[in-house]
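# Structure assessment
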Amino acid sequence: MSRWEHLSYLAVLLGCLLATAPLEILLRTRVYARPRRLALAVAPVLAVFVGWDLYAIAHGHWTFDPRRTTGIILPGGLPLDEVLFFLVVPVCAILALEAVRAVTGWQAGDEPDRPDRPDRPDP
């Protein structure tokens, strides 16, 4: 086993964050500037998939290669790396979606300047 192999999972997650982080600055996606909105989008994903993983681990359907993870194991046998995956990947997906919206002008229907919702603040 190489000296850094246990950081493989984290390295992939870091790569995802590094690849999408410039979108926040270059295209002004404002994903990180709206933490409440981001949390509301990510929390259900985290809850469902952590639950799914815990079930699969408990029933022997799913395992993790300890050589590729940090070795930090949370209750239920879930590696910390996996929980981070369920945070990082949705954030990167939201950054990508908001980048597409910024470039194309596509509206999702929650914009504060909509004529039918003039009093609605941007979350």
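To keep things clear, this report deals only with the structure shown in the data block. (Residues numbered from 1 in each chain as written. Predicted model: local features only at pLDDT ≥ 70, side-chain atom pairs only at ≥ 80, totals over all residues. Heavy atoms only, no water.)

What follows is about unusual backbone geometry. You will see that Arg28, though not glycine, has its phi angle at about 50 degrees, which is positive. Position of Arg28 among the secondary structure elements: in the loop between helix H1 (8–26) and helix H2 (35–58). Phi at Arg30 takes a positive value of approximately 60 degrees, unusual for a residue other than glycine. On the secondary structure map, Arg30 appears in the loop between H1 and H2. (Helix = DSSP H or I, 4+ residues; strand = E, 2+ residues; numbered from the N terminus.)

We now examine the side chain of Arg101. Mapped onto the elements of the fold, Arg101 is located in helix H3 (residues 80–104). Within polar-contact distance, the side chain of Arg101 engages the backbone oxygen of Trp106 at 3.3 Å. (Polar contact = N/O pair within 3.5 Å; in protein donor to acceptor, adjacent residues only side chain to side chain.)

Relative to the 36 Å expected for 25 residues at 1.5 Å per residue, H3 spans 36 Å between its end C-alpha atoms, a close match to the ideal helical length. Where H3 terminates, the next one or two residues include Gly105, which has phi positive at roughly 80 degrees. (Expected span 1.5 Å × (residues − 1).)

Right, let's talk about the packing of H2 against H3 for a bit. Interhelical geometry of H2 versus H3 gives an angle of 140 degrees and a closest axis separation of 9 Å. In terms of orientation, H2 lies oblique with respect to H3. In this structure, H2 meets H3 at a crossing whose hand is right-handed. For the pair H2 and H3, contact is made by Arg37, Leu38, Ala41, Val42, Val45, Leu46, Phe49, Val50 and Asp53 and by Glu82, Val83, Phe86, Leu87, Pro90, Val91, Ile94 and Arg101, respectively. Partitioned by chemical class, the residues of the contact of H2 with H3 number 13 nonpolar, no polar and four charged. (Axes fitted to C-alpha atoms, helices over the stretch in contact; angles between N-to-C directions. Parallel < 35°, antiparallel > 145°, perpendicular 65-115°, else oblique. Left-handed = near helix turned anticlockwise from the far one by under 90°. Contact = heavy atoms within 4.5 Å. Nonpolar A, V, L, I, M, F, W, Y, C, P; charged D, E, K, R; others polar.)

So, on to the pattern of salt bridges. Evaluated as defined, the whole model comprises four salt bridges. In this structure, Asp65 engages Arg67 in a salt bridge whose closest nitrogen and oxygen atoms are separated by 2.9 Å. Take Asp65: its relative accessible area is 28%, and that puts it in the partly exposed class. Assessed through its relative accessible area of 45%, Arg67 is described here as partly exposed. Among the charged side chains, a salt-bridge network with shared partners connects Arg34, Glu98 and Arg101. (Salt bridge = Lys/Arg side-chain N within 4 Å of Asp/Glu carboxyl O. Buried < 20%, exposed > 50% of the residue type's maximum accessible area, 1.4 Å probe, protein only.)

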